Amino acid sequence: MHITNDLLIRLNNNEPAAHAELFKATFADLTVFVYRMIDNEDESEDIAISAITKLLGKKLTFSAIEQLKAYLYISARNGALNYLRAAQKDDPFRKQLQDDLPIAEDPGINKKYEMDHMRKLIEAGLNKLEKQCAAVIRLTMQNMAPDEIAKTLNISPNQVYTQKSKGISRLREFIEQNGGKYGIPVIIILLMILCKLYFG
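Parameters and conventions
Residues numbered from 1 in each chain as written. Predicted model: local features only at pLDDT ≥ 70, side-chain atom pairs only at ≥ 80, totals over all residues. Heavy atoms only, no water. Helix = DSSP H or I, 4+ residues; strand = E, 2+ residues; numbered from the N terminus. Buried < 20%, exposed > 50% of the residue type's maximum accessible area, 1.4 Å probe, protein only. Phe/Tyr/Trp six-rings, centres within 6.5 Å; stacked < 30°, edge-to-face > 60°. Axes fitted to C-alpha atoms, helices over the stretch in contact; angles between N-to-C directions. Parallel < 35°, antiparallel > 145°, perpendicular 65-115°, else oblique. Contact = heavy atoms within 4.5 Å. Nonpolar A, V, L, I, M, F, W, Y, C, P; charged D, E, K, R; others polar. Left-handed = near helix turned anticlockwise from the far one by under 90°.

1. Focus: the environment of Asn82
Next up, step 1: Among the secondary structure elements, Asn82 is positioned in helix 4 (residues 65-86).
Next up, step 2: Sequence separation between Asn82 and Ile47 is 35 residues; the distance between their C-alpha atoms is 9.9 Å.

2. A word on unusual backbone geometry
Glycine aside, residues mostly have negative phi, and peptide bonds are mostly found in the trans state.
Next up, step 1: Positive phi, close to 60 degrees, is recorded for Asn14, a residue that is not glycine.
Next up, step 2: Within the secondary structure, Asn14 is located in the loop between helix 1 (5-12) and helix 2 (16-38).
Next up, step 3: In this structure Asn14 comes out as partly exposed when scored by relative accessible area, which is 31%.
Next up, step 4: If you check the backbone angles, Asn154 has positive phi at about 60 degrees while not being a glycine.
Next up, step 5: For Asn154, a relative accessible area of 72% translates into the label exposed.

3. Quick look at the packing of aromatic side chains
Next up, step 1: On inspection of all chains with the given rule, the structure shows three aromatic pairs.
Next up, step 2: Judged by centre distance (4.8 Å) and plane angle (65 degrees), the ring pair of Phe33 and Tyr73 falls under edge-to-face. Of this pair, Phe33 sits in helix 2 while Tyr73 sits in helix 4; the two residues are 40 residues apart in sequence, bridging distant segments of the chain.
Next up, step 3: Measuring from centroid to centroid gives 5.7 Å for Phe62 and Tyr71, while their planes differ by 65 degrees, and the two rings are edge-to-face.
Next up, step 4: Look at Tyr71 and you get partly exposed, because its relative accessible area is 23%.

4. Focus: the packing of helix 7 (residues 131-141) against helix 9 (residues 157-178)
Next up, step 1: The N-to-C vectors of helix 7 and helix 9 enclose an angle of 90 degrees; their axes lie 8 Å apart at closest approach. Between helix 7 and helix 9, the interaxial angle falls into the category roughly perpendicular. Only Val160, Gln163, Lys164, Lys166, Gly167, Ile168 and Leu171 of helix 9 make contact with helix 7, whose side of the interface consists of Gln132, Cys133, Val136, Ile137 and Thr140.
Next up, step 2: In terms of residue class, the contact of helix 7 with helix 9 is made up of six nonpolar, four polar and two charged.

5. Describing the packing of helix 2 against helix 3 (residues 41-58)
Next up, step 1: Put simply, helix 2 and helix 3 touch, their axes get as near as 8 Å, and they point 135 degrees apart. As summarised for this structure, helix 2 and helix 3 are arranged oblique, according to the angle between their axes. For the element pair helix 2 and helix 3, the recorded crossing hand is right-handed. Judged by residue contacts, His19, Leu22, Phe23, Thr26, Phe27, Leu30, Thr31, Val34, Tyr35 and Ile38 of helix 2 engage Glu41, Glu43, Ser44, Glu45, Ile47, Ala48, Ile49, Ile52, Leu55 and Leu56 from helix 3.
Next up, step 2: Grouping the amino acids of the contact of helix 2 with helix 3 by side-chain chemistry returns 13 nonpolar, four polar and three charged.

Put into structure tokens, the structure is as follows:
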């Protein structure tokens, strides 16, 4: 989202040409921001447009570019949450991710959000597994060897391999079914997890 100081000044002066320029500078980023929350392209575009037009309709003035950006992101986020409530999408995992969603475009913040998001997705998948199966996968991801896992859990090495195979399969299914819905690059996650499990 690229907003210049010149554009900010012209917006504060309520210049009509600046309105069109703001739309051009912010629409795509706001649409992507909303899409990651609601997974609906048409609605994402509508919510982004609504956030921009609401701002312009109020004829507000901003002292800094970041203040203007924050206003737009908050407005878009609120629109997305209203859509989800109206659609009765009350998935508690999704709600937690929405609460954690950063109101910024800083690459570092968004990267941290994606990593946190990914960890929560994996943890949610592990919580769906049987207790012993989940324990084997968690210990495997901590780089423990099958013999060490067997000793730790007081099971045979054969059971470790069986539980590991079953856990990988179910975790993969969970991520494939839920990763895209939560805005996660599923293929990347699967590669990371499977490499860790098979070769880590």
